[in-house]
Amino acid sequence: MRPRGSVNRDHGEKQERILQAAAGCFARFGFHQSSMKEICAAADMSPGSVYRYFPAKEDIVAAMIEADRRRWEQRFGQIPLENGFIAGLRFLADIGLQELEGDGFLNLWIETCAEAARNAKVAATMRQSYEIFESQLAELVRESQRLGRVNPSLEPTATARIILAAFDGLLLRRCFDPQLDVRATVQSFLTFLEAALSPQAAPRPSRRTS
């Protein structure tokens, strides 16, 4: 008799196997150059089994984005806010830098962005994922403002959007500039943010002269 819960566990393991195999194919050959046949071979699964989970490649990409969102959602929950907003960003940046140094990560990110630019379903999934990231980061800004550690005049959502855009731009630059010292650049950016977001950076009210 199959133990209760083993079906769901097996389902999740097979999905993860397919996603890992597809990620490897997309990173090496690109989205459109990777066939479902190659993905099946990389996952060591029959086409029927793979199609049962993912009817098309765009469904695989959407699932990858969703899985990545869940991972980052957990990481946001692990941020030690008592150490300050910049320390929290540094915590997230360190995780991101470790992933960036992983084999194929950058190629896979570019392929996903490129597909989102021409595929409405992938774009919707990616947009939703970014909106959640933005919301979580904005909440960190608000909490830090409440604690008196971030300039209270800053609008949290706009601040979060600018920070995310800066990190995305760094990833894009790294694609065509492999000599770029990403770690040093991130550290400089965090130092810049620390000064820009400081409560002391808030504009002082002007004095009226009679």
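Residues numbered from 1 in each chain as written. Predicted model: local features only at pLDDT ≥ 70, side-chain atom pairs only at ≥ 80, totals over all residues. Heavy atoms only, no water.

Engineer: Looking at this model, I keep getting lost on the environment of Lys-37. Mind explaining?
Structural biologist: Within the secondary structure layout, Lys-37 lies in helix 2 (residues 36–43). Accessibility expressed as a relative area gives 69% for Lys-37, which makes it exposed. Taking the C-alpha atoms as reference points, Lys-37 and Pro-47, ten residues apart in sequence, are found 6.9 Å from one another. (Helix = DSSP H or I, 4+ residues; strand = E, 2+ residues; numbered from the N terminus. Buried < 20%, exposed > 50% of the residue type's maximum accessible area, 1.4 Å probe, protein only.)

Engineer: Would you explain the nonpolar core in this entry?
Structural biologist: As a rule of thumb, nonpolar side chains are buried together in soluble globular proteins. Within the largest apolar cluster, 32 residues are counted, with the highest numbers of intra-cluster contacts made by Phe-85, Leu-89, Leu-137 and Leu-193. Within the residue set of this core, elements represented by two or more residues are helix 4 (57–77), helix 5 (85–100), helix 6 (105–118), helix 7 (120–146), helix 8 (156–176) and helix 9 (182–197). If one sorts the elements of this core by residue count, helix 5 sits on top with eight residues. Apart from residues lying up to four places away in sequence, Leu-193 is in contact with Ile-86, Leu-89, Ile-163 and Ser-198. The next biggest cluster of nonpolar side chains, apart from the first, holds 26 residues, and it includes Cys-25, Cys-40, Ile-65 and Ala-116. (Core = buried A, V, L, I, M, F, W, Y, C linked by side-chain atoms within 4.5 Å. Contact = heavy atoms within 4.5 Å.)

Engineer: Just checking my understanding: could you explain the state of the cysteines for this structure?
Structural biologist: Scanning the model with the defined rule gives zero disulfides in all. No disulfide involves Cys-175; its nearest neighbouring cysteine sulfur is the one of Cys-113, lying 8.5 Å away. (Disulfide = S-S within 2.5 Å.)

Engineer: It is not clear to me how the confidence of the model for the chain should be interpreted in this structure. Could you clarify?
Structural biologist: Predicted coordinates in regions of low pLDDT should not be interpreted in detail. Confidence in the prediction of the chain, expressed as mean pLDDT, is 88, and 91% of residues score 70 or more. No element of the chain has a lower mean pLDDT than helix 1 (residues 6–29), at 85, and none a higher one than helix 8, at 95. (pLDDT = per-residue confidence, 0-100.)

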